[in-house]
Amino acid sequence: MPAADTVGTAAAIAWWIWPIALFFTSFALGIVAVLSGVGGGVLFVPIVGSFFPFHLDFVRGTGLLLALSGALSAAPSLLASGLSSLRLAMPFALVGSIASIAGALLGLALPAALMQTALGITIIAIAALIWRSKRSEYPVVAAPDRLAAALRLSGVYHDPVDSREVRWQTHRTPAGLVLFAGIGLLAGMFGLGAGWANVPVLNLVLGAPLKVSVATSGVVLSVVDTSAAWIYLHSGAVLPMIAVPSIVGVMLGAKIGARLLRVAPAATVRKLVIAMLAIAGARSLLKGTGIWI
Amino acid sequence: MDLETAQKSFARWIEAGTRAGLALLAAGFAAYVSGLLPPHVPLAELAGSWHLPLAQFTAATGAPTGWQWLQLAGRGDYFNFVGIVLLASIIIAAYLRVLSLVARKDRAFAVIAAFEIIVLLAAASGLLNSFGGGIS
C-alpha cells in the first residue's frame, strides 16, 4: 500500500480513536511487560511504531518517557529494601547516560526509513537474545576485579524466600562499562528503555545475583532514559496526546500484571513476548525497507 | 553518610517526585482534552500532522522546541510539559541529594554523582541538541 494511502486511511478514522487505542494497547503491554519481565519500552516502540499512524520520532520519545515512568515508580521500594544497589548502578549509569545522549542525537538526525529498518533488525535481535539467554540465580564471582574492588561494588541483601542474608560481589567491570555504553546508545537511539539488556549484563557478565540485577536494572534505566528523554523533549519529539495515554495505560497495566504474576504461566507469556517482538520487528523492517508501508 | 544509607534518601526523593509528576501529568491531560485549557496546536490539526517527521511537524504546527514551551505553558498541550519535565528532573534532584550526603564519606561516588549531574544538566539545558539534527 503506498504511504499516501496509509496516511489517508489513518486520517479517515476519527482522530480520538488513536489515543484511546493507544491507551488500551499500552494497558495490554503493561500487563505483558510485568509478566514477562521485559520492559514496556521495548514492546511499545516497535508495536506502536509499526501499527499506529504516528511518526517514529514521537513514538521513540514516548517510549523513553514510558520506560522512565515505570522505572521511577518501581525504584523506591526496591532501593529502600536494599535489593537494588545504587552503588552498583551509578558507574554504569554514568557511562550509559552519556551514550544515550549520543544515541538520541544520532537517532533524531538519521532518516526515518533507516531508523525504522535498524529498529526492525534490533528488535528481532532482542527477541533472539531473550529466547536464547540464560539466567543465573547466584553467579559465582571468585574475586572482584581491581576497579570493582576500588569502588566496592558488592553488597548484601536479605532473601525472604530462603530466609538468609546473601552476600554478593562483581567482576569484569571494564567489560560491563563497554556493554552499558552500547546499551545506552541503543536505548537513546530507539527509545527502547534498556531492561532487556541491563539484566543479562548485570547478572551474567558482572556476576550480580539475579534479584539484585533485576532490581538494579531499573535504577540504571531511570538515569539512562532521563538523559535521552531530555534530548527528545527539547527536539519537540514528545506529544502529550501520544505520551500521556501511553504512560497511564502502561502503568495501570503494570499494576494488573503485578497481581497476575503469581497465577500467570510465565513460560507461555515469555513465548508470547518473543512472538510479539518478532512480528513487530519484521513489520518494522518491512516498513523501513518500503516493502510493506 | 555512606552510600548505602544515602540510597534510602535517594529512594524517598524519587518516590515523592514521581507521585507529583504523575499527578501533574494526569491533571494536565484532563485540562487538555476537556478543553479547559485550549491547546496551542488544535486537536484536528495535530491528528493531521502527527505522521510527519519532526522537522516538518514543527514547521507545520509552530510547535516549540527547547525551553520555548514555557511561553506556552498556559496552553492545554504544553501545560502537560510541567509534569513531563518534573519526571525528567527527578533523577537530577535525587543525585544532588546523594552528592550532598556522601561528599565527605565516599569521595569516589561523590565524583561519579557530580559527573552524572553535569551530564544530566547538559542534556536538560537543551544545548546538546545543537550537536544533533539542529532541531532545537
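Before reading on, note that the structure itself is shown above.
Residues numbered from 1 in each chain as written. Chains lettered and ligands numbered in written order. Predicted model: local features only at pLDDT ≥ 70, side-chain atom pairs only at ≥ 80, totals over all residues.

J.: What exactly am I supposed to notice about the overall build of chain B here?
T.: Helix and strand content of chain B: 5 helices and 0 strands. Secondary structure of chain B in N-to-C order comes out as α-α-α-α-α. Taking 14 Å as the expected radius of gyration for a compact globule of 136 residues, we find that chain B reaches 19 Å, considerably beyond that expectation. Taken over the C-alpha atoms alone, chain B extends approximately 55 × 35 × 25 Å along its principal axes. Looking at chain B as a whole, 42% of its 136 residues are labelled buried. In chain B, the share of contacts with a sequence separation of at least 24, taken over all contacts with a separation of at least 6, comes to 68%. (Helix = DSSP H or I, 4+ residues; strand = E, 2+ residues; numbered from the N terminus. Rg over C-alpha atoms; globule rule 2.2 N^0.38 Å. Buried ≥ 20, exposed ≤ 12 C-beta atoms within 10 Å, placed from the backbone. Contact = placed C-beta atoms within 7 Å.)

J.: Whenever I open this one, the overall build of chain A confuses me. Can you help?
T.: Looking only at helices and strands, chain A features 12 helices and 2 strands. Seen in sequence order, chain A has helices and strands lined up from the N terminus as α-α-α-α-α-α-α-β-β-α-α-α-α-α. A compact globule built from 293 residues should have a C-alpha radius of gyration of about 19 Å, and chain A, at 19 Å, falls within 12% of that. Along the first, second and third principal axes, the C-alpha set of chain A runs to 60 × 40 × 30 Å. Classification of the 293 residues of chain A by burial places 58% in the buried group.

J.: When you look at the environment of B:Ala30 in this model, what are you seeing that I'm missing?
T.: Tracing the chain through its elements places B:Ala30 in helix H1 (residues 3-34). When the C-alpha atoms of B:Ala30 and B:Ala124 are compared, they prove to be 26 Å apart, with 94 residues separating the residues in sequence.

J.: Would you mind showing me how to read unusual backbone geometry here?
T.: The phi torsion of most residues other than glycine is negative, and most of the peptide bonds are trans. Residue and element names in this part refer to chain A. Of note, the phi angle at Arg152 is positive, near 50°, even though the residue is not glycine. Summarising the element assignment, Arg152 is placed in the loop between helix H7 (146-151) and strand S1 (154-159). In this model, Arg172 sits at a positive phi of 60°, which is unusual for a non-glycine residue. On the basis of neighbour count, Arg172 is assigned to the partly exposed category, with 19 C-beta atoms found within 10 Å.

J.: What should I look at first to understand helix H3 (residues 40-51) of chain A in this one?
T.: Here H3(A) contains 12 residues, and its C-alpha end-to-end distance of 16 Å stays within 8% of the 16 Å for a straight helix at 1.5 Å per residue. Within H3(A), 11 of the 12 residues are buried, which leaves it mostly tucked inside the rest of the structure. (Expected span 1.5 Å × (residues − 1).)

J.: What is the right way to look at the packing of helix H4 (residues 56-81) of chain A against helix H11 (residues 240-260) of chain A in this model?
T.: Any two packed helices are characterised by how steeply their axes cross, that is the angle between the axes, and by the distance between the axes. Residues and elements named next belong to chain A. Running from N to C, H4 and H11 point in directions that differ by 35°, and their axes come no closer than 9 Å. The handedness of the crossing between H4 and H11 is right-handed. Listed contacts from H11 to Phe58, Thr62, Leu65, Leu66, Ser69, Gly70 and Ser73 of H4 are Ile242, Ala243, Ser246, Ile247, Val250, Met251 and Ala254. Residues of the contact of H4 with H11, tallied by class, amount to 9 nonpolar, 5 polar and no charged. (Axes fitted to C-alpha atoms, helices over the stretch in contact; angles between N-to-C directions. Left-handed = near helix turned anticlockwise from the far one by under 90°. Nonpolar A, V, L, I, M, F, W, Y, C, P; charged D, E, K, R; others polar.)

J.: Is there a simple way to explain the interface of chain B and chain A in this structure?
T.: Reports of interface size often rely on the accessible area that becomes lost once the parts have come together. With 52 residues of chain B at the interface, the matching set in chain A holds 52 residues. Counting residues per element, the ones that place at least two in the side of chain B that touches chain A are H1, helix H2 (43-47), helix H3 (54-61), helix H4 (76-102) and helix H5 (107-125) of chain B. It is H1(B) that provides the largest number of residues to the side of chain B that touches chain A, a total of 12 residues.

J.: Looking at this structure, how should I read the pairing of strand S2 (residues 164-169) of chain A?
T.: For S1(A) and S2(A), the ladder comprises 6 bridges, and the chain directions are antiparallel. Along S2(A), the bridge assignment pairs A:Ser154 with A:Gln169. (Pairing = 2+ DSSP bridges.)

J.: Would you explain the environment of A:Leu252 in this entry?
T.: Residue and element names in this part refer to chain A. Topologically, Leu252 is positioned in helix H11. Counting along the chain gives 154 residues from Leu252 to Ile98, while the straight-line C-alpha distance between them is 31 Å. Setting aside chain neighbours within four positions, we find Leu252 in contact with Phe27 and Gly30.

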